[in-house]
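So you can see what is in the structure, the chains are spelled out below.
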Amino acid sequence: MKELAFRDAIRDAMSEEMRLDKSIFLMGEEVAEYNGAYKASQGMLDEFGPERVIDTPIAELGFAGIAVGAAGNGLRPIVEFMTFNFSLVAIDQIINSAAKILSMSAGQYGCPIVFRGPTGNAGQLGAQHSQNFENWFANTPGLKVVVPANPYDAKGLLKSAIRDNNPVIFMESEVMYGDKMQVPEEEYLIPLGKADVKRQGKDVTIVSFGKMIPRVVMPAALQLEKEGIDVEVVDLRTVRPIDYPAVIESVKKTNRCVIVEEAWPLASISSEITYHIQRHALDYMDAPVIRVTNRDVPLPYAPTLIEEILPNIKRVVEAVKSVLYK
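Residues numbered from 1 in each chain as written. Predicted model: local features only at pLDDT ≥ 70, side-chain atom pairs only at ≥ 80, totals over all residues. Heavy atoms only, no water.

Caption draft 1: Helix α3 (residues 60-71), seen in detail. Its 12 residues place the ends of α3 16 Å apart at the C-alpha level, agreeing with the 16 Å of an ideal helix rising 1.5 Å per residue. Every buried residue of α3 is accounted for by Glu60, Phe63, Ala64, Ala67, Val68, Ala70 and Ala71. All buried residues of α3 fall inside an arc of 165° around its axis, so they share one side. Tucked into the core, α3 has its buried residues touching β2 (24-28), β4 (76-80), α4 (91-98), α5 (101-104) and β5 (114-118). (Helix = DSSP H or I, 4+ residues; strand = E, 2+ residues; numbered from the N terminus. Expected span 1.5 Å × (residues − 1). Buried < 20%, exposed > 50% of the residue type's maximum accessible area, 1.4 Å probe, protein only. Arc of directions from axis to C-beta. Contact = heavy atoms within 4.5 Å.)

Next up, the structure:
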């Protein structure tokens, strides 16, 4: 085992796969000479050279299109967006090309691409740089969507994403790049579409993913434990495909559920999970499902308003007590 920061786990996953497969290359803004905007590709230009670690212009639509063409011709691109807010410039290539090319070509052209970069709020960056589009991309057949919660998961999931023959959206968090934990030195893979029970419990299930797990959900669970409330935490890891059986199994055990998601409430991942719970576990439920999401407004700049609008520990604790009728 060795201690790795989140950014180092991302770099190690990419580097290990690039050593194994010469068709894999990394491209994006500042990934080469600058070692990545968040230093997730540090040292990779020195190891792999400018033909496989490629700085691009500020032109997301252009380099996403180049990646789709490269993938259709036998290569396996990793495309870094400096933030997934900027992926909106490239969304036509992601949705109308990458996600659909296998189907529209009757299987003649695949599209093994990983589109990766940070998602969500990272402080006072303004509304245009603080958005969560996991549910947007997860709504698209042909895409897989991965949102890891820690360095161990990030490395194992990213290696699986790079090997996948479908386009994968791999969403990280700016505020987590410095998070550290012990990671195996030997190779390991984490399958896409498999949730992880991060904490066993018997009183209530909290379902979440990504940054919300370490920043909000786990601290809330520890606080509730001090009050005698035993929380089970299910980390989805991927939001397309979703591991519905893992969620239903947990809910059947605890009979109560709170879903925490850093996104707007309408047509969210939490809405989808709530539907499946009422469809497949209604007879096991002792209380309605409660969601804790972003408030339905663009994120403000003021830190006091940011705290009020995002999911936080206080709101999660209140939601858990509500489903327990306390």
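So, next bit.
Caption draft 2: Local environment of the side chain of arginine 237. With respect to the helices and strands, arginine 237 occurs in the loop between β11 (231-235) and β12 (238-240). Within the structure, the side chain of arginine 237 is placed 3.0 Å from the side chain of aspartate 153, a separation counted as a polar contact. In this structure, arginine 237 is in contact with Val146, Val147, Pro148, Tyr152, Asp153, Leu157, Ile190, Lys194, Ala195, Asp196, Lys198 and Phe209, ignoring residues within four places of it in sequence. (Polar contact = N/O pair within 3.5 Å; in protein donor to acceptor, adjacent residues only side chain to side chain.)

Caption draft 3: Main features of the nonpolar core. Counting 45 residues, the largest nonpolar core has Ile94, Phe115, Phe137, Ile169, Leu236 and Ile277 as its most contacted members. Among the elements that make up this core, the one with the highest residue count is α3 (6 residues). Setting aside chain neighbours within four positions, we find phenylalanine 137 in contact with Phe84, Ser87, Ile91, Ile94, Ile95, Leu143, Val145, Ile169 and Met171. One finds Phe6, Val31, Ala32 and Tyr177 within the second-largest nonpolar core, a separate group that totals 33 residues. (Core = buried A, V, L, I, M, F, W, Y, C linked by side-chain atoms within 4.5 Å.)

Caption draft 4: Seen up close, the packing of aromatic side chains. Enumeration according to the criterion identifies 8 aromatic pairs in this entry. A ring pair is formed by phenylalanine 133 and tryptophan 136, whose centres lie 4.4 Å apart and whose planes are at 50°; its orientation type is tilted. By relative accessible area, phenylalanine 133 is classed as buried at 1%. Each member of the aromatic cluster is reached from another via a ring pair, and the members are Phe63, Phe81, Phe84, Phe115 and Phe137. Its guanidinium or amino end placed over the ring of tyrosine 34, lysine 39 lies 3.5 Å from that ring's centre, counting from NZ or CZ. (Phe/Tyr/Trp six-rings, centres within 6.5 Å; stacked < 30°, edge-to-face > 60°. Lys NZ or Arg CZ within 6 Å of the ring centre and 35° of its normal.)

Caption draft 5: Molecular detail of the pattern of salt bridges. All chains considered together, the criterion is met by 27 salt bridges. For the salt bridge of glutamate 47 with arginine 19, the shortest nitrogen-to-oxygen distance reads 2.6 Å. In this pair, glutamate 47 sits in helix α2 (residues 44-48) while arginine 19 sits in helix α1 (residues 6-20), placing the two residues 28 residues apart along the sequence. On the accessibility criterion, glutamate 47 (42% relative accessible area) is partly exposed. Between aspartate 235 and lysine 198 there is a salt bridge whose closest N-O contact spans 2.9 Å. Here the residue aspartate 235 occupies a position in strand β11, and lysine 198 occupies one in strand β9 (residues 196-199), the gap between them amounting to 37 residues. (Salt bridge = Lys/Arg side-chain N within 4 Å of Asp/Glu carboxyl O.)

Caption draft 6: The arrangement of the packing of α1 against helix α7 (residues 151-163) in detail. Closest axis-to-axis distance for the α1/α7 pair is 8 Å, and the angle between their directions is 30°. Taken together, α1 and α7 sit at an angle that is classed as roughly parallel. The handedness of the crossing between α1 and α7 is right-handed. Along its contact with α1, which presents Phe6, Ala9, Ile10, Asp12, Ala13, Met14, Glu16, Glu17 and Leu20, the element α7 presents Pro151, Ala154, Lys155, Leu158, Lys159, Ile162 and Arg163. Among the residues making up the contact of α1 with α7, the classes are represented as 10 nonpolar, no polar and 6 charged. (Axes fitted to C-alpha atoms, helices over the stretch in contact; angles between N-to-C directions. Parallel < 35°, antiparallel > 145°, perpendicular 65-115°, else oblique. Left-handed = near helix turned anticlockwise from the far one by under 90°. Nonpolar A, V, L, I, M, F, W, Y, C, P; charged D, E, K, R; others polar.)

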